[in-house]
Amino acid sequence: MVIAARDLKKTYDRVPVFEHLSFEICSGETLGIQGPNGSGKSTLMKLIAGVATPTSGTVSYLQNGMPIEKTEQIRYIGFVAPYLQFYSELTGLENVLFSLRARGIMPDMNRIKSLFEHFALSTAYQKRVQTYSSGMLQRLRLVQAFAANPPVCLLDEPTATLDESGVALLWQYLDGYRKDAILIVASNDARDFARCTQMLRIEDFKP
């Protein structure tokens with residue numbers, strides 16, 4: 001799997017957020033996207049995920065050298081961000097299952113159960129999300145992102161609201177997971193970049 005971004009530009013109200021931004025990353029590599037709050041990290045992550053459209057430039061997903069259709073890319077991506085919301089009246093498990101089925105992915109209940117256990121949510125997965133703390137919600141986002149074992153995982157501020165034990169569980173999981181996947185981490189916390197094989201500074205692509 002390869003993700004190739006070519007000459008990306010994004011503007012809002014004709015004001016450029018970034019421009020001439022390019023990178024290429026392959027399976028087994030980890031890209032860190034660095035920048036202060038408001039610099040455009042989340043905007044770039046949304047472009048990579050295909051949930052936003054660049055003003056110009058392209059983001060391509062390639063499998064064995066062949067492009068993956070944009071409508072199919074969502075099946076290959078796990079996405080984590082503090083702004084991703086859940087259905088509060090549903091349980092943690094119901095939210096994860098809904099997300100998978102909405103993308104046409106058959107749930108692997110053994111895998112999902114092991115993820116709830118790993119991220120210390122095994123006693124809460126049958127509880128409604130409205131009872132979750134902010135840290136529990138972030139852990140649930142991680143479960144949801146990894147539930148389909150995606151070959152691409154996009155982590156926007158992944159350690160936000162996590163305590164030290166939650167951060168440790170995340171990187172313990174990622175240390176095994178990232179060997180065969182593309183991992184892209186956007187953050188302004190230097191600790192999140194310790195395992196990155198590539199770095200991209202948003203500030204380098206400001207006009």
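All values reported here derive from a predicted model rather than from experimental measurement. (Residues numbered from 1 in each chain as written. Predicted model: local features only at pLDDT ≥ 70, side-chain atom pairs only at ≥ 80, totals over all residues. Heavy atoms only, no water.)

Student: How would you summarise the packing of aromatic side chains if you had to cite specific residues and measurements?
Tutor: Overall, the coordinates contain 7 aromatic pairs when judged by the stated rule. Geometrically, the ring pair formed by Phe 119 and Phe 146 is stacked, given 6.4 Å between the ring centres and 5 degrees between the ring planes. In this pair, Phe 119 sits in the loop between helix H4 (109-118) and helix H5 (134-146) while Phe 146 sits in helix H5, placing the two residues 27 residues apart along the sequence. Overall, Phe 119 belongs to the buried group, its relative accessible area being 0%. Geometrically, the ring pair formed by Tyr 173 and Tyr 177 is stacked, given 5.8 Å between the ring centres and 25 degrees between the ring planes. Of this pair, Tyr 173 and Tyr 177 both sit in helix H6 (residues 164-177), separated by 4 residues, roughly a single helical turn. There is no split in this pair, since Tyr 173 and Tyr 177 are both buried. Each member of the aromatic cluster is reached from another via a ring pair, and the members are Phe 119, Phe 146, Tyr 173 and Tyr 177. Across the ring face of Tyr 83, the terminal group of Lys 46 is positioned such that the distance to the ring centre comes to 4.8 Å. (Phe/Tyr/Trp six-rings, centres within 6.5 Å; stacked < 30°, edge-to-face > 60°. Helix = DSSP H or I, 4+ residues; strand = E, 2+ residues; numbered from the N terminus. Buried < 20%, exposed > 50% of the residue type's maximum accessible area, 1.4 Å probe, protein only. Lys NZ or Arg CZ within 6 Å of the ring centre and 35° of its normal.)

Student: Explain the packing of H4 against H6 residue by residue, including any values.
Tutor: Remark: H4 packs on H6, axes separated minimally by 10 Å, with the N-to-C direction vectors making an angle of 140 degrees. Our classification of the angle between H4 and H6 gives oblique. Contacts from Arg 111, Leu 115 and His 118 in H4 reach Leu 169, Gln 172 and Tyr 173 in H6. Partitioning the contact of H4 with H6 into residue classes produces 3 nonpolar, 2 polar and 1 charged. (Axes fitted to C-alpha atoms, helices over the stretch in contact; angles between N-to-C directions. Parallel < 35°, antiparallel > 145°, perpendicular 65-115°, else oblique. Contact = heavy atoms within 4.5 Å. Nonpolar A, V, L, I, M, F, W, Y, C, P; charged D, E, K, R; others polar.)

Student: Break down the sheet that holds strand S9 (residues 198-201) for me, citing the residues and quoting the values.
Tutor: Within the open sheet, the 5 strands sit side by side as S6-S7-S8-S3-S9. Their pairing is parallel. The open sheet has two free edges, formed respectively by strand S6 (77-80) and S9, since each of these has just one partner strand. Ignoring strand direction, the axes of neighbouring strands in this sheet form an average angle of 15 degrees. Packed onto the sheet, helix H1 (residues 41-49) meets strand S3 (30-34), S6, strand S7 (152-156), strand S8 (182-187) and S9 and runs at close to 160 degrees relative to S7. (Pairing = 2+ DSSP bridges.)

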